[in-house]
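Here is what each chain is made of, one letter per residue.
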Amino acid sequence: MNLLLLCPHFEPDMAPTGEVMTSIVGELAGLGHRLDVVTSLPWYRRHALEVGWDGQLVRHETTPWGSITRVHPFPTDKRNLPARAVAFGGFTALATWEGLVSRATPDGVLAMSPPLTLGPAGWAVAKARRVPFVFNIQDVFPDVAVELGLLSGRRAIAAASWLERTTYLGADAVTVLSDDLADNVRAKLTRGRSGSAARHQADKVRVIPNFIDTDWIRPEPHDNRYRAEHGLSGKRVVMYAGNVGLSQALDLVLDAATALRHEPDIAFVINGGGAARPELERAARGLGNVHFVDMQPKARLPEVLAAGDVHVVPLKRGLARSSVPSKLYSVLAAGRPIVASVDRGTEVARTIERAGAGLAVGPDDPEAFTKAIVRLLDHPDEAAAMGAAGRRFVESWASPRVVAQAYEALFDELRARRGGFHGEMRGG
């Protein structure tokens, strides 16, 4: 089977950027399939093109398993919504064109959101090639943008919501990471429908969780080379490792660092890059217990995770209903306890509670967040037991190979019934 994939990032050497799609591609290739990936030129770490990648709008690369086509992402400040919309439009137009003119002969198209605009691109390519279209939702947009206050105004929200629902309706299947996200998408697909029409739309939504390679990410000693490099040896380390973006409530980390600034053996580490990092660094000036570390090569991810005594997953209020951070599963695999600041009853909170892998507190509550961190730091035996419980929990999960097989089976199912109903891009 030949598959054409459209995704925003595909940077195999950096962690965590591109990890999900990179792993899916690797596993599908291992199953004997050809993959042709249309993605962006590398830009994610600094929100600017990486050195050596400028000068061309499009670059092509042949790989042992297929090909990679990289197009210009027109990077801009996430807070500048009009500029970002134009950037998404330019990136999507290039990605759509490259998908349409590609010499590949796909049997199916898989597009990833965000950005939401890759949905219509995937639909257009699949329609032109007369093959099934699967839309993979990592974060539900525009819900996330609305919660963050990045998208406001009745008309703007209505337009984005129309595009979202229209793309769902046009897809042959929509894959999501959790039951929470499935409920969100199904409610939008079935609105105004009843009976068999509602059931058909609801059945299009499939839960295929992100996976974690528990053979690669395993519990390792705390005191490692990463700690030595960054002056953390002998410290009790509170770690945030991931995108430093607008969805994360990393001000809570600074609040906790401020409250614990007189504890010389406690260090807070923010490992990663993103749109919110410059402002966060300015806010952290004068806090000697806060360390900022750039995004590390993917090969070092297990080492980075092992360096933390406690890991934090802070999301802004409302976002846990439309987003499931992949870092959660990596921390569980590393056998480290978690303190999460998320909405009650959401997938993140439920996962931590079911696994017994840490503590979940409500969002935007600095006192509760800090107390949870202190509890785990001051009770290392309890923290170690939680980390071990989290590890046991993810060991029973689907492996990368099983998730790839789920996508393989889904496309086989959709191709087998191409003679029946096909999704059409339409509102309503």
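Criteria and thresholds
Note on numbering: residues in each chain are counted from 1, in written sequence order. Only residues with pLDDT of 70 or above have their local features reported here, since the model is predicted, and side-chain atom pairs are shown and tallied only from 80 upward, although totals for entire chains, interfaces and linings are computed over all residues. Only hydrogens and water are removed before side-chain values are computed, so all heavy atoms of the structure are retained for them. Only the stretch in contact is used when fitting a helix axis, every axis being a line fitted to C-alpha atoms; angles between N-to-C directions are given from 0 to 180 degrees. Helix and strand assignments follow DSSP, with helices taken as H or I runs no shorter than four residues and strands as E runs no shorter than two, numbered in order from the N terminus. Working definition: roughly parallel below 35 degrees, roughly antiparallel above 145 degrees, roughly perpendicular at 65 to 115 degrees, and oblique for all remaining angles. The contact criterion used is simple: two residues touch if any of their non-hydrogen atoms lie within 4.5 Å. Gly is placed with the polar residues, together with every amino acid not listed as nonpolar (Ala, Val, Leu, Ile, Met, Phe, Trp, Tyr, Cys and Pro) or charged (Asp, Glu, Lys and Arg). As used here, the term nonpolar core means buried Ala, Val, Leu, Ile, Met, Phe, Trp, Tyr and Cys residues forming a set that is joined through side-chain atoms within 4.5 Å. Each residue is placed in one exposure class: buried if its accessible area under a 1.4 Å probe, protein chains only, is under 20% of its type's maximum, exposed if it is over 50%, and partly exposed if it falls in between. For every residue, the predictor states its confidence as a pLDDT score lying anywhere from 0 to 100. Whether two strands pair depends on DSSP finding at least two bridges between them.

1. Here we look at the packing of helix H13 (residues 347-355) against helix H15 (residues 380-395)
Step number 1: Interhelical geometry of H13 versus H15 gives an angle of 105° and a closest axis separation of 8 Å. Overall, the two elements H13 and H15 adopt an arrangement that is roughly perpendicular. Where H13 approaches H15, its residues Thr351, Arg354 and Ala355 are matched on the opposing element by Ala389, Gly390 and Phe393.
Step number 2: For the contact of H13 with H15, a count of residues per class yields three nonpolar, two polar and one charged.

2. Let's talk about the nonpolar core
Step number 1: Core analysis: the largest hydrophobic core is formed by 55 residues, its most contacted members being Leu6, Val109, Phe135, Tyr168, Val176, Leu332 and Ile338.
Step number 2: The biggest single contributor to this core is helix H12 (residues 327-334), with six residues.
Step number 3: Excluding its chain neighbours within four sequence positions, the residues that come into contact with Leu332 are Ile338, Thr351, Ala357, Gly387, Gly390, Arg391, Phe393 and Val394.
Step number 4: Within the second largest apolar cluster, 36 residues are counted, among which are Leu254, Phe268, Val290 and Phe369.

3. Observations concerning the confidence of the model for the chain
Step number 1: Considering every residue of the chain, the mean pLDDT works out to 88; 93% of them sit at 70 or more.
Step number 2: Counting contacts from residues 14-18, a segment whose pLDDT is below 50, to residues more than four positions away or on other chains yields 17 contacts.
Step number 3: Overall, residues 420-428 carries pLDDT values under 50, and its contacts beyond four positions in sequence, including any with other chains, amount to 27 contacts.

4. Some thoughts on the sheet that holds strand E1 (residues 2-6)
Step number 1: Taken in spatial order, the eight strands of this open sheet run E3-E4-E2-E1-E5-E6-E7-E8, and their pairing is mixed. A single partner strand is all that each edge strand has here, and the edge strands are strand E3 (58-63) and strand E8 (205-207). Each strand of the sheet is rotated relative to its neighbour by a mean of 20°, with strand direction disregarded.
Step number 2: Pairing between strand E2 (residues 34-40) and strand E4 (residues 66-71): six bridges, direction parallel. Along E4, the bridge assignment pairs Asp36 with Ser67.

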